There are 2 protein chains.
Amino acid sequence: MQVERRDFLSKLTLASAALAGAPTLLSNAWATVLPRPAKEKLGVALVGLGYYSTDLLAPALQITEKCYLAGIVTGTPAKAEAWKKKYNIPEKNIYNYQNFDKIADNPDIDIVYVVLPPSMHREYVVRAAKAGKHVFCEKPMAPSVADCEAMISACKSNKVKLAIGYRCQHDPNIQAFMKVAKDQKFGKVKMITSAAGYFDARTDHWKQKKALGGGVMGDMGVYALQGARLATGEEPISVIAQASTTRPEIYKEVEETMMFMLDFPSGARASCQTSYGINMNFLQVNYEKGWLKMEPASAYNGNKGSMSDGTIIDVPIKSQQAKQMDEDCLAIINNTDLIAPGEEGLRDTRVVEAIYKSVATGKSVKI
Amino acid sequence: MQVERRDFLSKLTLASAALAGAPTLLSNAWATVLPRPAKEKLGVALVGLGYYSTDLLAPALQITEKCYLAGIVTGTPAKAEAWKKKYNIPEKNIYNYQNFDKIADNPDIDIVYVVLPPSMHREYVVRAAKAGKHVFCEKPMAPSVADCEAMISACKSNKVKLAIGYRCQHDPNIQAFMKVAKDQKFGKVKMITSAAGYFDARTDHWKQKKALGGGVMGDMGVYALQGARLATGEEPISVIAQASTTRPEIYKEVEETMMFMLDFPSGARASCQTSYGINMNFLQVNYEKGWLKMEPASAYNGNKGSMSDGTIIDVPIKSQQAKQMDEDCLAIINNTDLIAPGEEGLRDTRVVEAIYKSVATGKSVKI
């Protein structure tokens, strides 16, 4: 154990040396090594065992190389029992929302992955950080900028990393169009159209409840927004938005559909749509000297596209979620930058807040 | 000649009989037969010999079956001379803007095709109607709803037809997506994204001058708007729009780019973009149970697309403009409904006016 830890520390020292020119980075993220052994695989505890944990994350954690499903946090004893059996989880690694904070004393758990409804993210991210655990947090990061800032701050002061579950940013097919903007392959980005939506037949889900952080904008809308942000490599400076619903009996508290237009500093513009009532998932980017199309553009699997010069984007990927967790674990192990840290979730939330403000005022809102 | 005319009248009588159930239609359009002989081909006079007349309409008039280039109206003697030679136009069929009204006495000219800057459309459509000539009018029909109404009214009271140069509506590739909406092939239309733009390198053109009816919205924007209107088969009930420019030194008086979001009575929404600074031309329609994509969606040639059920839209077409003029001539000859009459131009102009009002107020505008 000691040897392992020494290895780990020496890796950290190398990482620190590499970062010698950027001392502030070290103070921002895990500068003090926590008294925790290096491991072959980091232990992840999933908090909230809904659809995404059940159907996506738990299966992904069976094929991850840098982490594994070590524990669960659930308020439903029947779920605890089922998961315990299915994934052979030790009793001592199973928590409920009351005894959750005791996870601090459990060396099996290195990372807490918060997969609860968005309104609960802040509380559980802060509690996990206080327990000294690194945190993965599902998107949308939180309903407000204030929440996001509190979450980032708690992780910083507890010297743990905070990664947002932006699986797409780990997908080489999405990275391909990010690179086109960065390299200015077709000159400047001029216009982006992006859409992410699906028909949700459910009628009583947190996605339809305001108090739980529902509404399509934070959920699917963030993919449409990221389509524009990642395709430009810029942050929008203003937005005008409209919310609507075709099923007011279901979407009483939150919007079913959101449409918004973004303004970027370079002059690029974007038109984005998201909906719980429409199956759609695409991205179109028109550059000075070419175009790029993706469809689907933010699916779990099979994101693909083409460019005006004939380039095809179609990299097979086994599991976005596995790749995401492995890459985030490597960033933890090597103390390097996360692909999508809390600050990235904050950037989206800042725009989402402006979008709701635009809906409320009916006017364009500066960001 | 008399025999021909009798034939013509008997055709009209048949057409009138067919319309017996709709007497108002007869009073609205050419109810009184003008004292003009039926012809193998109707004579068209082009008014305004800019790029579109030169490169598109005149060549198309060499292959039309129901009409031919009979005359021209131009203020530039050098152009008159060149066209006269190139197209073998008799001197008596060449007019300038001063003697234009004498065209009333010229039996060679059945149709006046107004291809001037938009601000001049109203004057020349009204003068052509008063001269007793049928009128083709290029898009945008006119800068204001009041103009459009005056043009429609002048044509009605002079018992001549008024067709707008909406070439796309004569293109079977565009008709294909109109039919999908009409047949509800994939259920209701839910979301439309449409874009029409190109990079215009010119710096001193009517398209950049407000007084001449410039601005991208009326010009290219109408294609993006029609993408949405034709794909839904509905008229929008509200719009929110934003104008912008990346070249303020050129686009001082009018917008370079317009983005707008439309609301349709069925609940369908549309997001549309148009620009003189961006090469883009596509349409995406997401229905309840499928999708349709076109790219290009409003080009002169090669509009094509695909649908979620595997249907390919790709009908070869020799010349949209020739098809448009032939079909409009047939409507004149048979006194049947035009595919795109003045009322269709008015519908677009009503939305365009609301779009400018939205830009001015920064708010959504009811239509």
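Structure: above.
Residues numbered from 1 in each chain as written. Chains lettered and ligands numbered in written order. Predicted model: local features only at pLDDT ≥ 70, side-chain atom pairs only at ≥ 80, totals over all residues. Heavy atoms only, no water.

Caption draft 1: Layout of the sheet that holds strand β15 (residues 365-366) of chain A. All names here are of chain A. Taking strand neighbours across the sheet as the criterion, the nine strands line up as β14-β13-β12-β11-β7-β10-β9-β8-β15 in an open arrangement whose pairing is mixed. If you trace the sheet from one side to the other, it starts and ends with β14 (312-313) and β15, each paired once. With five bridges joining them, strand β11 (residues 277-287) and strand β12 (residues 290-294) adopt antiparallel strand pairing. In the sheet register, Val285 faces β12, and the bridge partner there is Leu292. Its contacts with the sheet put helix α7 (residues 172-183) on β7 (189-199), β11, β12, β13 (305-307) and β14, and the angle it makes with β12 is roughly 160 degrees. Here helix α10 (residues 342-361) sits on the sheet and contacts β8 (238-244), β9 (257-263) and β15; the angle it forms with β8, its principal contact strand, is near 65 degrees. (Pairing = 2+ DSSP bridges. Helix = DSSP H or I, 4+ residues; strand = E, 2+ residues; numbered from the N terminus. Contact = heavy atoms within 4.5 Å. Axes fitted to C-alpha atoms, helices over the stretch in contact; angles between N-to-C directions.)

Caption draft 2: Summary view of helix α9 (residues 320-333) of chain A. Residue and element names in this part refer to chain A. For α9, spanning 14 residues, the distance from its first C-alpha to its last is 20 Å, which sits close to the expected 20 Å at 1.5 Å a residue. α9 sits mainly inside the fold: 11 of its 14 residues count as buried. Regarding α9, the residues found buried are Gln320, Gln321, Ala322, Gln324, Met325, Asp326, Asp328, Cys329, Ala331, Ile332 and Ile333. Asn335 occupies a position one or two residues after α9 and carries a positive phi of about 50 degrees. (Expected span 1.5 Å × (residues − 1). Buried < 20%, exposed > 50% of the residue type's maximum accessible area, 1.4 Å probe, protein only.)

Caption draft 3: Fine view of the relation of the copies chain A and chain B. Once chain A is rotated about the relating axis by 180 degrees and shifted along it by 0.0 Å, it coincides with chain B to within an RMSD of 0.0 Å. On the angle and the small slide along the axis, the relation comes out as a two-fold axis. Of every C-alpha in chain A, the one belonging to Lys363 of chain A sits nearest the axis of rotation, 2.9 Å from it. With an isologous cut-off of 70% or more, the 100% of interface residues of chain A that recur at the interface of chain B puts this contact in the isologous class. (Least-squares fit on C-alpha atoms with pLDDT ≥ 70 in both.)

Caption draft 4: Structural context of the packing of aromatic side chains. Residue and element names in this part refer to chain A. Going through the model one piece at a time under the given rule, you end up with 16 aromatic pairs over all chains. Geometrically, the ring pair formed by Trp83 and Tyr87 is tilted, given 5.4 Å between the ring centres and 50 degrees between the ring planes. Residue Trp83 and its partner Tyr87 are located together in helix α4 (residues 77-87), separated by four residues, close to a single helical turn. Taking relative accessible area as the criterion, Trp83 reaches 8% and is therefore assigned buried. (Phe/Tyr/Trp six-rings, centres within 6.5 Å; stacked < 30°, edge-to-face > 60°.)

Caption draft 5: Expanded view of the packing of helix α7 (residues 172-183) of chain B against helix α8 (residues 216-232) of chain B. All names here are of chain B. Put simply, α7 and α8 touch, their axes get as near as 6 Å, and they point 45 degrees apart. In terms of their interaxial angle, α7 and α8 are classed as oblique. For the pair formed by α7 and α8, the contact residues are Ile174, Phe177, Met178 and Ala181 on the first element and Gly227, Leu230, Ala231 and Thr232 on the second. Its residues assigned to classes, the contact of α7 with α8 comprises six nonpolar, two polar and no charged. (Parallel < 35°, antiparallel > 145°, perpendicular 65-115°, else oblique. Nonpolar A, V, L, I, M, F, W, Y, C, P; charged D, E, K, R; others polar.)

Caption draft 6: Seen up close, the side chain of Arg269 of chain A. For Arg269 of chain A, the position within the fold is in strand β10 (residues 269-275). Here Gln242 of chain B takes part through its side chain, which lies 2.7 Å from a polar atom of the side chain of Arg269 of chain A. (Polar contact = N/O pair within 3.5 Å; in protein donor to acceptor, adjacent residues only side chain to side chain.)

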